[in-house]
Amino acid sequence: MSSTHVAPREDAEAGVYVSGRPDRSLADSEVLAPRMRRRRAFTLVLLTLLVPGSAQLVAGHRQLGRVGIRAWLGVVGLVVVLGLLLLTDRSLAISVIGRAWVLSCLELLLIGFAALWAVLFVDAWRLGRPGSLLIRARRVLTAVTAALLVVTSGSLVYAASSVGAGRQALGSLFSDAAAAGAVNGRYNVLLLGADTGKDRVGTRPDSIQVVSIDAKTGAPVTFGFSRDTENIDFRPGSTMARLMPEGWNCGDQCLLNGLYTWGQDHAKLFPPGTTDPGLVATREAVEALSGLKIQYYVMVDLSGFKQMVDAVGGLDVTVRYRTPIGGGTSPIVGWIEPGRQHLDGWHALWYARSRQGSTNYERMARQRCVLTAMAGQLDPQTVLLRFQKIASASSGLIRTDLPQSELGRFADLAMKARSQKIRSVNFVPPLVKPWAYDPAVITSTVSRTIAASEKAAKKHTATSKAAAPAAAKPKPSKAPSAPKAQPGTAVQDPAKAAGNAAEDDLSSVCSATS
């Protein structure tokens, strides 16, 4: 059997020897024309952008290329797994990602891949042999490589820094305590807006709310209690019932928000190991008033609220009444006018704190409004883009006993709550008079409101499963006309002078906008 030998072909015009082997133009640029060399150089850099390590596989160090490819496939696989987990079990996914050791591993992974990707870009630039290119092409190649390196590795370094900041913030904010289970299918969270300004002695919660959340649907109900609620009788068997068997009943010297300071001042009377006696006193008072078992609390310090508002880029609120900046012992230096306003931290803090010409109920409503606006505007996009600023600002601003293990559950409930109607009841005039009221009216109102919310949530769930409802476009509320009072007057709106008409509906004072 004879074999046929095919002689190599020679291109007489170009004078280039052509063999029968595969084309190796990406691996060897010496045989290429200047235009093809330029194309080859840019192709290697773009390959590194699309699939890190692929440029080394076709034109350079194969072992380095294999490391890059494997690392890239590992990252892609991890993203796919996390994406599938978010789609199938969002609560579990957030719980896993929220673990300190997971965030530490993720931070190291991002830094490592950022360094590897930078090395691969520089090596791809080297493999492009910029010295063999025309000077203009060489400069463009270098600029493109540098820009891609900053965009890719730089972004990963920033992401790693954000993960590190988040890990530190979560570690300092959330506890490692055991999780509390739902009671009657609900989680009840005490939300306190504390004001620890320089002109105040001790911590006194001015905004006191209970947020009751359906453990399945996430449907929330909020109950607001006036800071000057009196005549509180504690539940039998509670710590405060032992310390105050006659209740917190001494007239206007015994107000709801004063219990926190009382607890701190009498810490020795509380059981050993009590870390926050003021919180225990306030929590048990609100439990007695509402008839609900409170599992967790969140306290937001208004004195640090300015930094948080600036960190999220400001708050959008609809102001109903002209609100002074200053007043009392200091002169009025400006006004927050009616209408839709975008408030920075300084103005948001003044809007929440301003006392001049305001009742306690209006001030309470304004504080709830800015806290609601903050919660509503902390959407995933805002958190992602401003994560480091938010994490830094939250240090010392927020206190809670919510365990880190419950982060995923409550994040999932918060996402569900966005599609639910928020019901709200405020126990202020005319519903109840905080200085003279029937406790049964409050507890029965709480029970009825929760029952109505659960019924509406079941209906909403059934409707959602049957068909996706069309998003109704909310009708813009008409803001009241600007008041005619002159600056410096004690009351800014005639309606308030005629019996505090704004107290009838606290939502008429302020509303959060999105």
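Just so it is clear, the structure is predicted and the values come from calculations on it, not from any experiment.

Some thoughts on the overall build of the protein chain
Then, number 1: For the protein chain, the count of helices and strands is 17 helices and 13 strands.
Then, number 2: A buried classification covers 44% of the 514 residues belonging to the protein chain.
Then, number 3: Relative to all contacts within the protein chain whose residues are 6 or more apart in sequence, the contacts with residues 24 or more apart total 70%.
Then, number 4: In the form shown here, the protein chain has an accessible surface area of approximately 27,300 Å², with 60% of it arising from carbon and sulfur atoms.

A look at helix α11 (residues 345–353)
Then, number 1: Buried residues of α11: Gly-345, Ala-348, Leu-349, Tyr-351 and Ala-352, and no others. Each buried residue of α11 lies within a common arc of 160° when the element is viewed along its axis, so the set occupies one face.

Considering the state of the cysteines
Then, number 1: Summed over all chains, the structure comprises one disulfide.
Then, number 2: With its sulfur 1.3 Å from that of its partner, Cys-250 forms a disulfide with Cys-254. Taking the torsion about the S-S bond as the criterion, the Cys-250 to Cys-254 disulfide, at about 80°, is right-handed.
Then, number 3: For Cys-250, a relative accessible area of 40% corresponds to the partly exposed category.
Then, number 4: On the basis of relative accessibility, which here comes to 4%, the residue Cys-254 falls in the buried class.

Some words on the environment of Arg-66
Then, number 1: Inspection of the secondary structure puts Arg-66 in helix α3 (residues 62–88).
Then, number 2: The sequence separation of Arg-66 and Ser-54 amounts to twelve residues, and the corresponding C-alpha distance is 8.0 Å.

Examining helix α9 (residues 277–290)
Then, number 1: When the terminal C-alpha atoms of α9 are compared, their 20 Å separation across 14 residues agrees well with the 20 Å that a helix rising 1.5 Å per residue should span.
Then, number 2: Burial within α9 is extensive, with 13 of its 14 residues counted as buried.
Then, number 3: Gly-291 occupies a position one or two residues after α9 and carries a positive phi of about 80°.

Topic: the packing of helix α8 (residues 258–265) against α9
Then, number 1: Between α8 and α9, the least distance of the axes is 6 Å, while the angle of their chain directions is 140°. Overall, the two elements α8 and α9 adopt an arrangement that is oblique. For α8 against α9, the interelement crossing comes out right-handed. Counting all contacts with α8, which are made through Leu-259, Tyr-260, Gly-263 and Gln-264, the residues of α9 involved are Pro-277, Gly-278, Leu-279, Ala-281, Thr-282 and Ala-285.
Then, number 2: Of the residues contributing to the contact of α8 with α9, the split by class is six nonpolar, four polar and no charged.

Observations regarding the packing of helix α1 (residues 34–50) against helix α6 (residues 135–173)
Then, number 1: Here α1 crosses α6 at 0°, and the two axes come no closer than 11 Å. It follows that α1 is roughly parallel to α6 by the angle criterion. Listed contacts from α6 to Arg-38, Ala-41, Phe-42, Val-45, Leu-46 and Leu-49 of α1 are Ala-137, Val-140, Leu-141, Val-144, Thr-145, Leu-148 and Thr-152.
Then, number 2: For the contact of α1 with α6, a count of residues per class yields ten nonpolar, two polar and one charged.

Quick look at the nonpolar core
Then, number 1: Counting residues in each nonpolar core, the largest one holds 36 residues, and the members touching the most others are Leu-190, Phe-223, Phe-225, Ile-232, Phe-234 and Leu-259.
Then, number 2: It is α9 that contributes the most residues to this core, five residues altogether.
Then, number 3: If you look at the next biggest cluster of nonpolar residues, it comprises 29 residues, including Phe-113, Ala-137, Leu-170 and Leu-413.

Side note on the environment of Trp-262
Then, number 1: Mapped onto the elements of the fold, Trp-262 is located in helix α8.
Then, number 2: With 58 residues separating them along the chain, Trp-262 and Arg-204 place their C-alpha atoms 9.8 Å apart.
Then, number 3: With residues up to four places along the chain from it excluded, the contact list for Trp-262 reads Met-240, Leu-243, Met-244, Trp-248, Leu-269 and Phe-270.

Digging into a nonpolar patch on the surface
Then, number 1: A surface patch of nonpolar side chains, amounting to about 390 Å² of accessible area, comprises Val-76, Val-80, Leu-84 and Leu-87.
Then, number 2: With respect to the helices and strands, Leu-87 occurs in helix α3.
Then, number 3: Judged by its relative accessible area of 74%, Leu-87 is exposed.

What counts, and where the lines are drawn
Residue positions are given per chain, counted from 1 along the sequence in the order it is written. For a predicted model such as this one, the threshold for reporting local features is a pLDDT of at least 70, and the threshold for listing and counting side-chain atom pairs is 80 or more; totals across whole chains, interfaces and linings nevertheless cover every residue. With hydrogens and water stripped out, all remaining heavy atoms of the structure feed into the side-chain values. Numbering goes from the N terminus for both helices and strands, where a helix is a DSSP run of H or I of at least four residues and a strand is a run of E of at least two. The classification of residues rests on relative accessible area computed with a 1.4 Å probe and restricted to protein chains. Under 20% of the type maximum is buried, over 50% is exposed, and intermediate values are partly exposed. Contacts are assigned to residue pairs that have any heavy atoms within 4.5 Å of one another. What sets the accessible areas is the Shrake-Rupley method with a 1.4 Å probe; for residues, cover comes only from the shown protein chains. Arc definition: directions from the helix axis to the C-beta atoms. Here, two cysteine sulfur atoms that lie within 2.5 Å of each other are counted as a disulfide. Each residue after the first adds 1.5 Å to the expected span of a helix. In this description, a line fitted to the C-alpha atoms serves as the axis of each element, helices being fitted only across the stretch in contact, and the angle between N-to-C directions of two axes falls anywhere from 0 to 180 degrees. When describing relative orientation, an angle under 35 degrees is termed roughly parallel and one over 145 degrees roughly antiparallel, while 65 to 115 degrees is termed roughly perpendicular and anything else oblique. Should the near helix be turned anticlockwise from the far one by less than a right angle, the crossing is left-handed, and should it be turned clockwise, the crossing is right-handed. Only Asp, Glu, Lys and Arg are considered charged in this grouping, and only Ala, Val, Leu, Ile, Met, Phe, Trp, Tyr, Cys and Pro are considered nonpolar; every other residue, Gly among them, is considered polar. Side-chain atoms within 4.5 Å are what join buried Ala, Val, Leu, Ile, Met, Phe, Trp, Tyr and Cys residues into a set we call a nonpolar core. Two joining distances apply to patches: 9 Å for like charges and 5 Å for nonpolar side chains (Val, Leu, Ile, Met, Phe, Trp, Tyr), and every residue must have over 30% relative accessible area and no salt bridge. A carboxyl oxygen of Asp or Glu within 4 Å of a side-chain nitrogen of Lys or Arg is what we treat as a salt bridge.

All quantities given are derived from atomic positions and should not be read as evidence of function.
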